[in-house]
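Close look at the chain arrangement
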Amino acid sequence: MAFTLYSLIQTAILCINAIAVLHEERFLIGFGVDQGVGGFGDDPGVKAQVLTLIRSVRTVMRVPLIIVNSACIVLLLLFG
Amino acid sequence: MDYTPTQSGFRQQPNMRLRNSSVDGVEGSQLFEDMSGAAHGLQTGNQQAGPQPAGFSGQSILSDPMSNLAMAYGSSLASQGREMVDKNLDRFIPISKLKYYFAVDTMYVGKKLGLLVFPYMHENWEVSYQQDTPVAPRFDVNAPDLYIPAMGFITYVLVAGLALGTQNRFSPELLGVQASSALVWLIMEVLAVLLSLYLVTVNTDLTTIDLLAFSGYKYVGMIVGVVAGLLFGRPAYYLSLLWCCAAIFFFMIRTLRLKLLSEAAAEGRLVRGTRNQLRMYLTMSIAAAQPIFMYWLTYHLIR
């Protein structure tokens, strides 16, 4: 219940890491294969939006995650 | 009694006058100028000998040309630094946009607070626009603002400290814990709403700051509940919280209906289609999340 801002940062890093290590094919099998549709119409739908979101997060956050993870590893090693 | 520095005071007098004329606007020199202007007899010399040694060293530092240069350079550096900070800060936090949300006045705050506690009589929930930009909150009760949420947040932290104090559970760190905990819940709620808005592809002109403002309106209800609980006991807390929860639910639905739903659905006509259904569910869940948070953040304060 007593959340701190630090726990929020931890949660965010862990969630983004989880999205980054996702295996797309195995994930899509369980999700409903929507790859071929494209969905440029008026109404992409929730599933297509989720897939787009996951794809874009993985692309955008790849390099910053490397930096943030390295910083976290170093800090945790030094300060416990 | 007999001032030996009197003679030196006399000798220093013409020097003082010269220095006074070269330095302008320094406070010490004003004093000296007044007294040296009335230059008659020993008395002024006596009076001047007193404050002179005190202010003399100050005069010398300020009238030195090198230090003048240093002062000018330092002040220009400070103004340059301030410009740079302003420019860069404006890139990260849109300060000009924030100013819109704080353009409130007492009438607006009073009407809005009344609306948050009793929204059932209000008829026109639309935000009036002025050439594509929404009108400032000062002129329109329906416009969102950040003043009430900010003040509400601070008041909530203080009232939480008060409530904990009456139960002898208070310590100064708890104020910080309450504040950061409420802040984290607020941030998570705003992020969740943003995520769901993205997933349902709602084309709306709700900005992030608007969502922050709407999520911050529940603090008013929480404060009313906690204060009632402190004054009159647990039944009063539950009653007032129930009333405020219902009020906030109604308020959010009425406000979000115009912003999230399509035109036809907002007017109340029944429109079929999964998209409109999704939007309706989204509005309902955002509005329903408010009472949940209100209860979650206050129940531990009333024992």
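Note that this is a predicted model, so its numbers are computed, not measured. For every chain, the first residue of the written sequence is number 1, and numbering continues from 1 along that sequence. Ligands are numbered from 1 and chains lettered from A, in the order in which they are written. Local features are withheld for residues below a pLDDT of 70 in this predicted model, meaning they are given only at 70 or higher, and side-chain atom pairs are given and counted only at 80 or more; totals for whole chains, interfaces and linings count all residues. In computing side-chain values, all of the structure's heavy atoms are included and hydrogens and water are not.

**Comments concerning the packing of aromatic side chains**
Residue and element names in this part refer to chain B. Here is the rule: rings of Phe, Tyr and Trp (six-membered ring for Trp) pair when centre to centre is within 6.5 Å. Planes less than 30 degrees apart are stacked, more than 60 are edge-to-face, and the remainder are tilted. Per the stated rule, a full pass over the model turns up 15 aromatic pairs over all chains. Taken together, a centroid distance of 5.3 Å and an interplanar angle of 85° make the contact between Phe118 and Tyr120 edge-to-face. Pairwise contacts between aromatic rings join Trp185, Phe293, Tyr295, Trp296 and Tyr299 into one cluster. Whether a charge lies above a ring is judged from NZ of Lys or CZ of Arg, which has to be within 6 Å of the ring centre and within 35 degrees of the ring normal. Positioned above the aromatic ring of Tyr219 is the side chain of Lys218, whose terminal nitrogen or guanidinium carbon lies 5.8 Å from the ring centre.

**Section: the UniProt feature "transmembrane region" (unreviewed entry) in chain B**
All names here are of chain B. UniProt positions are given in the numbering used here, feature names are shortened, and annotations may be inferred rather than shown by experiment. This chain's UniProt record puts "transmembrane region" (unreviewed entry) on residues 146-165, 177-199, 211-231, 237-257 and 278-297. For the annotated span residues 211-231, helix accounts for 95% and strand for 0% of the residues, and the straight-line distance between the end C-alpha atoms is 32 Å. Only runs of H or I of at least four residues qualify as helices and only runs of E of at least two qualify as strands under DSSP, and these elements are numbered from the N terminus. Split by type, residues 278-297 is 100% helix and 0% strand. Its first and last C-alpha atoms lie 28 Å apart.

**Remarks on the UniProt feature "transmembrane region" (unreviewed entry) in chain A**
Taking the UniProt record as the reference, the feature "transmembrane region" (unreviewed entry) is found at residues 59-79 of chain A. In this annotation, residues 59-79 of chain A is assigned 100% helix and 0% strand; the end-to-end C-alpha distance for the span is 31 Å.

**Brief notes about the interface of chain A and chain B**
Contact criterion: two residues are considered in contact whenever any of their non-hydrogen atoms come within 4.5 Å of each other. Each side of the interface is counted separately: chain A has 15 residues, and chain B has 17 residues. Interface of chain A and chain B: buried area, both sides summed, is about 1,400 Å²; carbon and sulfur atoms make up 74% of it. In the sections that follow, a salt bridge refers to a side-chain nitrogen of Lys or Arg positioned within 4 Å of a carboxyl oxygen of Asp or Glu. For the pair chain A and chain B, the number of links is 0 salt bridges. Those elements that place two or more of their residues in the side of chain A that touches chain B are helix H1 (5-20) and helix H3 (46-79) of chain A. Sorting elements by how many residues they give to the side of chain A that touches chain B places H3(A) first, with 5 residues. Three categories are distinguished: nonpolar for Ala, Val, Leu, Ile, Met, Phe, Trp, Tyr, Cys and Pro, charged for Asp, Glu, Lys and Arg, and polar for the others, with Gly belonging to the last. Residue composition of the side of chain A that touches chain B, by class: 9 nonpolar, 4 polar and 2 charged. Once two parts are put together, the accessible area they lose, assessed with a 1.4 Å probe and summed over both, is termed the buried area.

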